[in-house]
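Analysis of the macromolecular model
Listed below are the residues making up each chain.
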Amino acid sequence: MNRIDSFLEKLQDNTAVVGVVGLGYAGLPIVSRFLDVGFSVVGFDIDAEKIAALERGESYIEHIDAAGIKARCQTGEFLPTTDFSKAGHVDALLLCVPTPLNRNREPDLTYVVNTVETIIPHMRPGQLLSLESTTYPGTTEEVLRPRLEQAGFVPGEDVFLVYSPEREDPGNKVYRVQNTPRICGGCTQSCLEAGVALYEKIVDQVIPMPSTGSAEMTKILENTFRAVNIALVNELKLVSDRMGVDIFEVIRTAATKPFGYMPFYPGPGLGGHCIPIDPFYLTWKAREYGLTTRFIELAGEVNTSMPEHVVSKVGLALNSIGKPINGSSILVLGVSYKKNVDDKRESPSLVLIEKLSGLGGRVDYADPHVPYLAKTRKHDLGMKSIELTPEKVRNYDCLVLATDHDRFDWAMIRQNANLIVDTRGIYSCDDKQVFRA
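Residues numbered from 1 in each chain as written. Predicted model: local features only at pLDDT ≥ 70, side-chain atom pairs only at ≥ 80, totals over all residues. Heavy atoms only, no water.

Digging into the packing of helix 11 (residues 294-319) against helix 12 (residues 348-358)
How two helices sit against one another is set out by the angle between their axes and by the gap between those axes. For the pair helix 11 and helix 12, interaxial distance at closest approach is 10 Å and the crossing angle is 50°. It follows from the interaxial angle that helix 11 and helix 12 lie oblique. Remark: the crossing between helix 11 and helix 12 carries right-handed chirality. Counted together, Pro307, Glu308, Val310, Val311 and Val314 of helix 11 and Pro348, Val351, Leu352, Lys355 and Leu356 of helix 12 form the full contact between these two elements. Residue classes in the contact of helix 11 with helix 12 are distributed as eight nonpolar, no polar and two charged. (Axes fitted to C-alpha atoms, helices over the stretch in contact; angles between N-to-C directions. Helix = DSSP H or I, 4+ residues; strand = E, 2+ residues; numbered from the N terminus. Parallel < 35°, antiparallel > 145°, perpendicular 65-115°, else oblique. Left-handed = near helix turned anticlockwise from the far one by under 90°. Contact = heavy atoms within 4.5 Å. Nonpolar A, V, L, I, M, F, W, Y, C, P; charged D, E, K, R; others polar.)

Below you can see the structure in the form of structure tokens.
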């Protein structure tokens, strides 16, 4: 039996073992889904604390069921490990590792390259390797394929190499892994066949792409579309603010048009792993072809300037009661990048805390989804969330509404707050104690 038939047969009878590398917000949901449909899974991560938590049956991601993880660890269906030599024991390796930007806003593929170079010595013929991380068009062919070939593997014959980006939306209760269409591009036709067959086991619809590059470009387009439109409404928010117009009311009203319009909402900046980062992967790659993506770069400038705008509004709000930022007590409401999740990757709230603290503000935060701010690649705040009570709210000179979690008691907050800088349009812009930002 040839390798493609052997791989497909293992998928058909659920005897294939799936390896997921990177057990974060993209990787752990994939682990959970493969376990749900009856596959054994090996989860790889360099973070020993994550592995220890999973071995104890704990989930460090709010929307991933801890009980299910614990049960699968006890039965042996799920093996979390830092031992990458076990990569040779699985049939499919899915790479869900970070792809951040460096200080010059250029792609940093360190995690991808290091991971591939770590697992290749343990790989064997017949395995599938799928890159799920968002990246620039050409990464699979230009970065992964040469390393496999240097190790003696021929994609499409010895191993199967595909690109199939994650489409995870933390906190989305409607679209999960199963009912979110999955795209997949392969380096060869047999690679594509193997990739489609793998993902068909966990999602309702797999959309084959003609190449890995087209799949990579599709993912970039999805996130660039959102980044540009968010930049548009952020800029309109600044104009509307000067005009005395309620931008949130305008957006809600425009959304009543049943065609030709899609609502996007302004905020304190962009967060999450994808939208603030992915468009710059395309910008960087375009320069290789002598092109300048001016639209994308302008959107990036607008979005990255929003935290500074919020800080300015905090200064104006405090000035209205005769206080400077320096020495004032400020409470940031919400540090996750979007409502009702615990994901704080690239959150503008972290920038706000640093900027306000840097100006002398005595800054705390409250977030029911993030009890502690652990160190990240960019921030080392070491803060704990406070519990909101009427008395505590009254003790702050100013509250900055950064993330509009449903678990916040907005009525209690408004009743007791001295000043509120509202970046999400929760409160009426006619309220004199509320400053829209």
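We are not done yet, so read on.
Some words on the nonpolar core
The biggest cluster of nonpolar side chains holds 79 residues, and the ones touching the most others in it are Phe34, Leu93, Leu129, Leu144 and Leu198. It is helix 7 (residues 189-199) that contributes the most residues to this core, seven residues altogether. Residues in contact with Leu144, not counting those within four places in the same chain, are Leu95, Val112, Val116, Leu129, Leu131, Thr139 and Leu161. (Core = buried A, V, L, I, M, F, W, Y, C linked by side-chain atoms within 4.5 Å. Buried < 20%, exposed > 50% of the residue type's maximum accessible area, 1.4 Å probe, protein only.)

What about the sheet that holds strand 6 (residues 160-163)?
Strands pair in a sheet through their backbones, by hydrogen bonds, and they do so in one of two ways: parallel or antiparallel. Within the open sheet, the eight strands sit side by side as 3-2-1-4-5-6-7-8. Their pairing is mixed. Lying at the two open borders of the sheet, with one neighbouring strand each, are strand 3 (78-81) and strand 8 (206-209). Each adjacent strand pair in this sheet contributes to an overall mean axis angle of 25°, direction not counted. Pairing geometry for strand 4 (residues 92-95) and strand 5 (residues 128-131), over four bridges, is parallel. Residue pairing in the sheet places Ala92 in a bridge with Leu128 of strand 5. Along the sheet face, helix 3 (residues 48-55) touches strand 2 (40-44) and strand 3 and points at about 155° away from the line of strand 3. (Pairing = 2+ DSSP bridges.)

So, the pattern of salt bridges
As a working rule, side chains carrying opposite charge can pair if their charged atoms are close by. One pass over the structure, following the stated rule, counts 23 salt bridges. Here Arg407 makes a salt bridge to Glu62, at a shortest N to O gap of 3.8 Å. Here Arg407 is found in the loop between strand 13 (398-401) and helix 14 (410-416), whereas its partner Glu62 is found in the loop between helix 3 and helix 4 (66-75), with 345 residues between them in sequence. According to the relative accessible area criterion, Glu62 is partly exposed, its value standing at 38%. (Salt bridge = Lys/Arg side-chain N within 4 Å of Asp/Glu carboxyl O.)

Things to note about the packing of aromatic side chains
Aromatic ring pairs are described here by two measures, namely the spacing of the ring centres and the angle between the planes. For the structure shown, the criterion picks out eight aromatic pairs. Ring centres of Phe34 and Phe39 lie 5.7 Å apart, and the angle between their planes is 85°; this geometry places the pair in the edge-to-face category. Of the two residues, Phe34 and Phe39, both sit in the buried class. A connected cluster of aromatic rings, assembled from ring pairs, spans Tyr136, Tyr281 and Trp284. (Phe/Tyr/Trp six-rings, centres within 6.5 Å; stacked < 30°, edge-to-face > 60°.)

What to know about the environment of Arg345
Looking at the secondary structure, you find Arg345 in the loop between strand 9 (329-333) and helix 12. Take Arg345: its relative accessible area is 30%, and that puts it in the partly exposed class. Separated by 168 residues in sequence, Arg345 and Val177 place their C-alpha atoms 20 Å apart. Setting aside residues up to four positions removed in sequence, Arg345 forms contacts with Tyr25, Pro170, Gly271, Gly272, His273 and Tyr337. In this structure the side chain of Arg345 is engaged in a polar contact, spanning 2.7 Å, whose partner is the side chain of Asp343. (Polar contact = N/O pair within 3.5 Å; in protein donor to acceptor, adjacent residues only side chain to side chain.)

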